[in-house]
Amino acid sequence: MKAQGQARHHFWGEYAQSIALRFASPEVASKARDRLNSTLSETKAKWNVPDKVPFCLSVIASGADLDAVTASLASFGADIGKVQSLRFSVDCGEPFEIEIPEGEQTLIPFPG
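Draft legend 1. Expanded view of the overall build of the chain. Scanning the chain from terminus to terminus reveals three helices and four strands. Taken against the 2.2 N^0.38 rule, which gives 13 Å for 112 residues, the C-alpha radius of gyration of the chain at 13 Å falls within 12% of a compact globule. Based on the C-alpha atoms only, the size of the chain along its principal axes is roughly 35 × 35 × 25 Å. Across the 112 residues that make up the chain, the buried fraction comes to 38%. A separation threshold of at least 6 residues defines the contact pool for the chain, and within that pool the share at least 24 residues apart is 59%. Carbon and sulfur atoms provide 54% of the accessible area of the chain, an area that totals close to 6700 Å². Here the chain contributes 11 positive and 14 negative side-chain charges, whose respective centroids are spaced 4 Å apart.

Structure follows, in structure tokens:
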């Protein structure tokens, strides 16, 4: 399950990011949501399917929850430098890609 993603930086109060992922279809997005959320069991942040774009997923997170979300994305191949980038804009990170394999996967924790 491949997706293209992009993060938006929020600098008011505590720093946060909203991250969107675009998949090939609503069915793929739904499967991916379950898989991504299974890696976030210890967080308040959860991936959701927006009503108006059912082929996408979105999440907003800050602090330790953001660390968990970005570690999860990294485990699926995201270039975290692009997710967190301010290279082209203080508002948005660079586009990135992930691939979530079908079947079981073991999440490899990244040091914090």
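Draft legend 2. Layout of the packing of aromatic side chains. If you walk through the whole model with that rule in mind, you get one aromatic pair. Aromatic pair Phe 11 and Tyr 15: ring centres 5.3 Å apart, planes at 45°, arrangement tilted. Look at Tyr 15 and you get partly exposed, because its relative accessible area is 30%.

Draft legend 3. Local environment of the sheet that holds strand E4 (residues 96-99). Spatially, four strands are ordered E3-E2-E1-E4 in an open sheet, and the strand pairing comes out antiparallel. Across the chains shown, the open sheet's two edge strands, defined by having one partner strand only, are strand E3 (56-62) and E4. Sheet twist, expressed as the average angle between the axes of neighbouring strands with direction ignored, equals 30°. Bridge count between strand E1 (residues 2-10) and E4: four bridges; the pairing is antiparallel. In the sheet register, Gly 5 faces E4, and the bridge partner there is Phe 96. The strands touched by helix H1 (residues 26-38) within the sheet are strand E2 (16-22) and E3, with E3 carrying the most contacts at an inclination of about 25°. Packing of helix H2 (residues 63-75) onto the sheet brings it into contact with E2, E3 and E4, and relative to E3 it is tilted by some 140°.

Draft legend 4. View of a nonpolar patch on the surface. Among the surface-exposed residues, Phe 11, Tyr 15, Leu 86 and Val 90 lie close enough to one another that they form a single nonpolar patch of about 390 Å² accessible area. Within the fold, Leu 86 resides in the loop between helix H3 (80-83) and E4. Judged by relative accessible area, Leu 86 falls into the partly exposed class, the value being 46%.

Draft legend 5. Seen up close, the side chain of Thr 70. With respect to the secondary-structure elements, Thr 70 resides in helix H2. Apart from the residues within four sequence positions on either side, Thr 70 is in contact with Gln 17, Ile 80, Val 83 and Gln 84.

Draft legend 6. Examining H1 more closely. For H1, spanning 13 residues, the distance from its first C-alpha to its last is 18 Å, which sits close to the expected 18 Å at 1.5 Å a residue. Of the surrounding elements, those touching the buried residues of H1 are E2, E3 and H2.

Draft legend 7. Highlighting the pattern of salt bridges. Taken as a whole and judged by the stated rule, the model has three salt bridges. The shortest N-O distance in the salt bridge between Asp 34 and Arg 33 comes to 3.4 Å. With relative accessibility at 25%, the residue Arg 33 sits in the partly exposed group. The salt bridge partner of Arg 87 is Glu 94, with a shortest N-O separation of 3.9 Å.

Cut-offs and rules
Sequence order as written defines the numbering, with residues in each chain counted from 1. The model is predicted, so local features are restricted to residues of pLDDT at least 70 and side-chain atom pairs to those at 80 or more, both for listing and for counting; the totals for chains, interfaces and linings are taken over all residues. Calculation of side-chain values draws on the structure's entire complement of heavy atoms; hydrogens and water are dropped beforehand. Under the scheme used here, helices are H or I runs from DSSP no shorter than 4 residues and strands are E runs no shorter than 2 residues, and both carry numbers assigned from the N terminus. Only C-alpha atoms enter the radius of gyration; for comparison, a globular chain is expected to reach 2.2 Å times N to the power 0.38, where N is the number of residues. Partly exposed describes any residue whose relative accessible area lies between the buried limit of under 20% and the exposed limit of over 50%, with all areas from a 1.4 Å probe on protein chains only and scaled to the type maximum. It only takes one pair of heavy atoms within 4.5 Å for two residues to be counted as in contact. With residues, only the protein chains shown are counted as cover, and all accessible areas are computed by Shrake-Rupley using a 1.4 Å probe. Residues scored as positive are Lys and Arg, those scored as negative are Asp and Glu, and His as well as the terminal groups of each chain are ignored. Where a charge sits is defined by one atom per residue type, namely NZ (Lys), CZ (Arg), CG (Asp) or CD (Glu). Each Phe, Tyr or Trp ring (for Trp, its six-membered ring) is paired with any other whose centre lies within 6.5 Å, and the angle between the two planes then decides the class: stacked below 30 degrees, edge-to-face above 60, tilted in between. Here, any two strands with at least 2 DSSP bridges between them count as paired. In this description, a line fitted to the C-alpha atoms serves as the axis of each element, helices being fitted only across the stretch in contact, and the angle between N-to-C directions of two axes falls anywhere from 0 to 180 degrees. Patch membership needs two things, relative accessible area over 30% and no salt bridge, and members are linked within 9 Å if like-charged or within 5 Å if nonpolar (Val, Leu, Ile, Met, Phe, Trp, Tyr). Salt bridge, as used here, is a side-chain nitrogen of Lys or Arg placed within 4 Å of a carboxyl oxygen of Asp or Glu. By definition here, a helix of n residues has an expected span of 1.5 Å times n minus one.

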